[in-house]
Amino acid sequence: MALLIVESPAKAKTIGKYLGKEFKVAASFGHVRDLPAKNGSVDPDNDFAIKYETIEKAEKYIKELVKAASKTSDIYLATDPDREGEAMAWHVIETLKEKKAISNENNIYRVVFNEITKRAVQEAIKNPREINMDLVRAQQARRALDYLVGFSLSPLLWTKLSGSKSAGRVQSVALKIICEREDEISKFITQEYWSIKAEMQNSKDEAFFAMLSHYDNKKLEKFDIKNEEEAKNLVREIESRQYAVSTVERKQVKRNPLPPFITSSLQQDAVNKLYFNVKSVMRIAQNLYEGIDIGGETVGLITYMRTDGFHIADEAINSIRGSIKSLYGDKYLPQSPRKYVKKVKNAQEAHEAIRPTDINRTPGSIKDYLTPEQFKLYDLIWKRTIASQMESAILDQVVVEISSTDQKVILRASGSSIFFDGFYKVYQDNMEAENEGLLPAMKEGEACKLISVEPKQHFTQPPPRYSEASIVKKMEEIGIGRPSTYAAIISVLQDREYVSLDSKRFIPSSRGKIVTIFLETFFQRCVEYDFTAQMEEKLDLISNGHADWKKELGHFWVPFFGHVNSVKQMTHDEVFSGIHNLVVDWFCSEEGRKEVNTKCPACSDGILKLNFGKAGVFLGCSNYPECNHTKEITGSNDNSEYPKSLGIDDITGQEVVIKKGPFGLYLQFNNESEKKKAVSIPKDINVNDIDLSTATQLLSLPKVIGEHPETGKEVKIGLGRFGYYIFYDGRYFSLKKSSKEVLNTELSEAVQIIANSPRKELKSLGLNEKGKEVFICNGRYGFYIKCGKTNVALGKSADIESIDLKKALELIKGKK
C-alpha cells in the first residue's frame, strides 16, 4: 500500500475516496517544520544556514506519518501546487529522513493537481515528478528574508519606540500605504463647485432632464461654476431663453465581461458584494477547494484558490461554453472562446483561474449541502466563470444637445438602455449604472420647453480610506505580497494594533503612524514600493532556476545589516530628533505646533518636548523625571474632534462626552472612576444628532421601566451587542425598533411583547441527580435540551414528544 500525504484532513478525506485501498491518505496538518522564533535561526555569517525545528503541534501528526511511512516503499506528496506546498512536501520528507522512517530505498513522488476531483487526482498519480527544489529554495528565501527583516527591525522598534510590536518586510509597506492615504485625507482642501440641471419637455410634452454643458461658446468644466452667485446668474440666463434640439447622437456600445476570478479579484468581489472579510473569503474558499459532501459524494467544488493566472483549461472552457448554450441559448455564446492575459505586476500565471471544477454543478443544485456562506461564495465564483465566456452586453446610448435660439446656452441630456444583456444576464456587476433610462424620442430642430432649473452645490471629497478590498487591489497593482499572503498581511496589521477598521475602512493608529515615520526615516529603501516589488521579482527568478537564492539574500543583507547597526547605536534623543519634524507634520495642527518647545507650566525651567510612549504621542517636560508634567497635543489629526463634550448631566452632575475608540464612537461619563460607564452609539443614530438628553438616556440603560402586573418582577430595557432588548424573569426579548422608539417604550408595550414571545422552555422533564431541572427548549436553530449551563442540540425536526428525562440525561452525558 502506497502512502499519499496532504496538508489537511479535509483534503485527505476527499482524496481517500478517489484512490481506493491501494493508498493510505494521511494529513500533515500544515507545515511540520519552521524557523524557531529566536536569534540564529538564519545565520548570514555561515552562508545563510537555516536551522529548522519541528512545530510543537505537529509532533503527534509526525508520529502517525512516521508509522505509516515505515510500512511502505512508495510515498506520494500531494500538498498544494505552489511554492508553499512544494516546501511543505520537502519538509515532510526531510522530517521522515531525520526520524529514520524512510531511506534511499523509498520511492518519493511529487504529485500536483489544480482541482480535487477524481479525474484530476488519478491523472496526477499517473504523472508524478520529483520535488522541485527551485520552488523550495524560493520559499526558503522568502521565509529567510522575512525572518531577517523581522528579527532585525522588531528589536529596534522595541528599544527605540516604546510600545511598538514588530515590523515586517511586506506588512510595513502595506502600513505605509494606509498611512499615506490618511495623510492625503488630512491635507485635502475641499473645493466648492456647482452644477445646473434643467427639467424640459419635448414637443409631445414628455419630460426629461438635461445638464448645462456650454455657456457663451465655452464648454463648462467641473470647477467653472465656483459659487452660488455665479450659479444663480446662469440660472437667470437659462430661464430667459427659448430652446430647440440641435443634435441627436445615437450609438451602440459594447461592454465586455470581466475575466474569471484570481485570488485578489475574488477577495475584492466577496468583500464588496458579500460583505465577507478577506480572511473569511480564503477560509470558505479553502473548504470549497478541499471537498464538500454533496449527497454521498465528497468532491472539491472549485479549483485552487491561491492563483494570479487567468488561464482556464481547454476542457473546462468547452464545458463552460456548453453550459452557456444549454442554459441561455446560442445568442449568448461568442463564436470563439475568450482569452484573458494578466497585466498585473509580477504575475506568475502558475495556475488556472478560480472556477468550479464542474460548471454543470449549478449553485442551486447543491445549495442544500452548503452553509449559507459557502453557497454565496460558490454562487459568486460560478456566475463570474460563466459570465467570463459569454457574449458582450450591448447598450443603446443617446446624447441630445438642446441649444438656445441664440446658441449662447447648450444643455446636454443623455440616456442609455440595454439593447442586449449578454453576460449581464448572469453577472450584473455594473448593470444599474449602465441602465440610465431612455430619453423620449426627439429629432433635430424640435422645440423644447423649459420647465424648471435647479442649481446644485457640490464639494470635492478626499480620497476614501482603504477597505480590505481596495488595499488588496493596491498591493496587487504595485506588486507586493502574493495571493497567499494578502489575508495574513491584513490580519497582522490589525493584531499589532497598527490599524483599526472603522465602517469597514482602515484607519492607522498613532502607533502605526509612528512606526511608518521611523521606517521611512531610517529604512526608507525597505519600505519603497519598487524595492519590495523587485524582491518579489527576484523570488520569481529563484523559483524558475534563474537566480541563486543565497546570493540574492547576500545582496540584500549586507547593506541592510550595516544600516541596522548604525541605527542601533543611536540614542533615544537622536532617533527622535530624526523623526521629530515628520511626527509634528503627522500629529499636530497649526495650533498644536505652537505648543512644541514652549515653557513647561509646572516647573521653572522645563521645556515641553514632543515625546511618545505606549499611549501615543504627547508633550512632556524636558526635566523628566524631576518634572512629570505631560499634555495632550492640541489639534492632533489622530483624534480629530473627539473627545467632544455634550454638557453636564443634571441628575449625576457628571460631564457627558463622545469618545472615539478602536470599535467606533461611544458615550461616557467623564469622571475619575476607573470603571467609567460607556455605551456604543447605536447605528441608527447619527452622531451629529446626539444631544445631552439623548446621550444621558442611552447611558441610563439598562433601566427598569416598571414591574410586571402579574408577577411583580422587574421589567428592564437595555442595549446590548445585538441591539435593544427587554429583560424579564431571566430572559431576553429582542426589540426591533429605532432608538427613539425604544427609549420611549412603556411598560404596557413591554408586557405585550413578553406575552407574545414564544417561550424557549417548552416543557420540564424533571430533575437530574443533582436536583437541577431539565427542560426541552425551542431556540433559533431548533429544539434543544437544557440543564443548567449545558445545552444539547436536537434540531428543528426532532420528535420532542419521544424524549423523556432518562433519554435527555443520556444525551447530556454523551455530550460531556
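Draft legend 1. Geometry of the overall build of the protein. Secondary structure assignment for the protein yields 24 helices and 34 strands. The principal-axis extents of the C-alpha atoms in the protein amount to approximately 95 × 80 × 75 Å. Long-range contacts, defined as pairs at least 24 residues apart, comprise 65% of the intrachain contacts of the protein with a sequence gap of at least 6. Summed over all atoms, the accessible surface of the protein reaches about 42400 Å², with 48% contributed by carbon and sulfur. For the protein, the distance from the average site of its 117 positive side-chain charges to the average site of its 113 negative ones is 4 Å.

Draft legend 2. A look at the pairing of strand 8 (residues 107-110). Pairing of strand 7 (residues 74-77) with strand 8, which is carried by four bridges, proceeds in the parallel orientation. Paired with Ile75 across the strands is Ile108, a residue of strand 8. On the question of chirality, the crossover connecting strand 7 to the parallel strand 8 by way of helix 3 (residues 83-98) is right-handed.

Draft legend 3. Quick peek at the pairing of strand 2 (residues 23-27). Of all five residues making up strand 2, four are buried, and the element is well covered by its neighbours. Pairing of strand 1 (residues 2-6) with strand 2 involves five bridges; the strand directions are parallel. Of the residues in strand 2, the one forming a bridge with Leu3 is Lys24. Taken together, strand 1, helix 1 (residues 9-19) and strand 2 form a β-α-β motif whose crossover is right-handed.

Draft legend 4. Structural view of the sheet that holds strand 29 (residues 723-728). What the four strands build is an open sheet, ordered 27-28-29-30; its pairing is antiparallel. Edge strands, defined here as strands with exactly one partner in the open sheet, are strand 27 (703-707) and strand 30 (731-734). This sheet shows a mean twist of 30° between the axes of neighbouring strands, independent of strand direction. In this structure, strand 28 (residues 714-720) lies alongside strand 29, joined through six bridges in antiparallel fashion. Its bridge partner lying in strand 29, Gly720 is registered against Gly723.

Draft legend 5. Region of interest: the state of the cysteines. Applying the stated rule across the entire model yields zero disulfides. Unpaired in terms of disulfides, Cys603 finds its nearest cysteine sulfur in Cys621, a separation of 3.6 Å.

Draft legend 6. Here's a closer look at the confidence of the model for the protein. Looking at the protein, pLDDT values average 86 and 92% of them are 70 or higher. A low-confidence stretch, residues 345-349 (pLDDT under 50), is modelled with 23 contacts involving residues beyond four sequence positions or located in other chains. Considering only residues more than four positions removed or in separate chains, one finds that residues 635-640, a stretch of pLDDT under 50, has 13 contacts.

Draft legend 7. Structural detail: the pattern of salt bridges. All told, the structure shown has 35 salt bridges when counted by the stated rule. Across the pair Glu237 and Arg241 runs a salt bridge, and its minimum N-O distance is 2.8 Å. Connected via shared salt-bridge partners are Glu7, Lys11, Asp80 and Arg306.

Draft legend 8. Spatial organisation of the packing of aromatic side chains. The tally for this structure, following the rule as stated, stands at 18 aromatic pairs. Taking the centre distance of 6.0 Å and the plane angle of 50° together, the rings of Phe523 and Phe560 count as tilted. Residue Phe523 is found in the loop between helix 16 (510-522) and helix 17 (529-543), and its partner Phe560 is found in helix 18 (residues 549-568); the two are separated by 37 residues along the sequence. Since its relative accessible area comes to 2%, Phe523 is described here as buried. Overall, the relative accessible area of 4% leaves Phe560 in the buried class. In this arrangement the basic side chain of Arg33 is found over the ring face of Trp90, its NZ or CZ atom lying 5.5 Å from the centre. Sitting over the ring of Tyr529, Lys176 keeps its end group 4.9 Å from the ring centre.

Draft legend 9. Spotlight on the environment of Thr385. If you trace the backbone, Thr385 turns up in helix 12 (residues 372-388). According to the relative accessible area criterion, Thr385 is buried, its value standing at 0%. Beyond its immediate stretch of four places on either side in the chain, Thr385 contacts Ile312, Ile320, Ile354, Arg355, Pro356 and Ile359.

Draft legend 10. Focus on helix 8 (residues 263-274). Helix length check: helix 8, at 12 residues, gives a terminal C-alpha distance of 15 Å against a target of 16 Å (1.5 Å per residue), a fit within 8%. Burial runs high along helix 8: 10 of the 12 residues are buried. For helix 8, the complete set of buried residues consists of Thr263, Ser264, Ser265, Leu266, Gln267, Gln268, Asp269, Ala270, Val271 and Leu274. Of the surrounding elements, those touching the buried residues of helix 8 are helix 9 (278-290), helix 12, helix 14 (468-478) and helix 15 (486-495).

Draft legend 11. Molecular detail of the nonpolar core. Of all hydrophobic cores here, the largest spans 166 residues; its most connected members are Leu4, Leu96, Leu377 and Phe523. Counting residues per element, this core draws most heavily on helix 5 (residues 133-160), at 11 residues. The contacts of Leu4, once residues within four sequence positions are left out, are Ile15, Leu19, Phe23, Lys24, Val25, Ala26, Tyr76, Ala78 and Ile125. By size, the runner-up hydrophobic cluster in this structure holds 27 residues, among which are Val248, Val400, Ile402 and Cys448.

Draft legend 12. Quick look at the sheet that holds strand 1. Spatially, the four strands line up as an open sheet ordered 2-1-7-8, and their pairing is parallel. Single-partner strands in this sheet number two, and they are strand 2 and strand 8. Between one strand axis and the next, the sheet turns through 20° on average, direction left out of account. Of the strands in this sheet, strand 1 and strand 2 are in contact with helix 1, which crosses strand 2 at around 170°.

Draft legend 13. Structural context of unusual backbone geometry. Following Tyr624, the chain continues into Pro625 via a peptide bond in cis, with omega recorded as 15°. Here Pro625 lies in the loop between strand 21 (616-621) and strand 22 (630-631). For the bond from Leu701 to Pro702, the omega torsion is -5°, close enough to zero to count as cis. Relative to the elements of secondary structure, Pro702 occurs in the loop between helix 21 (692-699) and strand 27. The phi dihedral of Lys100 is positive, around 60°, even though this residue is not glycine. A residue is classified by how much of its surface remains accessible, and Lys100, at 73% relative accessible area, is exposed.

Draft legend 14. Inspection of the packing of helix 8 against helix 12 at higher detail. Viewed as axis vectors pointing N to C, helix 8 and helix 12 meet at an angle of 120°, and their least axial separation amounts to 11 Å. By the angle class used here, helix 8 and helix 12 are oblique. As helix 8 runs across helix 12, the sense of the crossing is right-handed. Residues Ser265, Leu266, Asp269, Ala270, Lys273 and Leu274 of helix 8 pack against Lys376, Leu377, Leu380, Ile381 and Arg384 of helix 12.

Draft legend 15. Structural context of the packing of helix 5 against helix 18. Interaxial distance between helix 5 and helix 18 falls to 11 Å at its minimum, and their mutual angle equals 0°. As judged from the angle between their axes, helix 5 and helix 18 are roughly parallel. Between helix 5, through Arg137, Gln140, Ala141, Ala144, Leu145, Leu148, Val149, Ser152, Leu153, Leu156 and Lys160, and helix 18, the contact on the second element is made entirely by Trp549, Leu553, Phe556, Trp557, Phe560, Val564, Val567 and Lys568. Here the contact of helix 5 with helix 18 is composed, by residue class, of 14 nonpolar, two polar and three charged.

Draft legend 16. Structural detail: helix 23 (residues 747-756). The set of residues buried in helix 23 consists of Ala750, Val751 and Ile754. Along the axis of helix 23, the buried positions cluster into a sector of 100°, meaning they face one direction only. Across helix 23 from its buried face, at more than 90 degrees, point the exposed residues Ser748, Ala755 and Asn756. Taken together, the buried residues of helix 23 touch strand 27, strand 28, strand 29 and strand 30.

Calculation rules
Residues numbered from 1 in each chain as written. Predicted model: local features only at pLDDT ≥ 70, side-chain atom pairs only at ≥ 80, totals over all residues. Heavy atoms only, no water. Helix = DSSP H or I, 4+ residues; strand = E, 2+ residues; numbered from the N terminus. Contact = heavy atoms within 4.5 Å. Areas by Shrake-Rupley, 256 points an atom, 1.4 Å probe, with all protein chains shown as cover. Lys, Arg positive; Asp, Glu negative; His and termini not counted. Charge placed at Lys NZ, Arg CZ, Asp CG, Glu CD. Pairing = 2+ DSSP bridges. Right-handed = clockwise from strand over helix to strand, strands pointing away. Buried < 20%, exposed > 50% of the residue type's maximum accessible area, 1.4 Å probe, protein only. Axes fitted to C-alpha atoms, helices over the stretch in contact; angles between N-to-C directions. Disulfide = S-S within 2.5 Å. pLDDT = per-residue confidence, 0-100. Salt bridge = Lys/Arg side-chain N within 4 Å of Asp/Glu carboxyl O. Phe/Tyr/Trp six-rings, centres within 6.5 Å; stacked < 30°, edge-to-face > 60°. Lys NZ or Arg CZ within 6 Å of the ring centre and 35° of its normal. Expected span 1.5 Å × (residues − 1). Core = buried A, V, L, I, M, F, W, Y, C linked by side-chain atoms within 4.5 Å. Parallel < 35°, antiparallel > 145°, perpendicular 65-115°, else oblique. Left-handed = near helix turned anticlockwise from the far one by under 90°. Nonpolar A, V, L, I, M, F, W, Y, C, P; charged D, E, K, R; others polar. Arc of directions from axis to C-beta.

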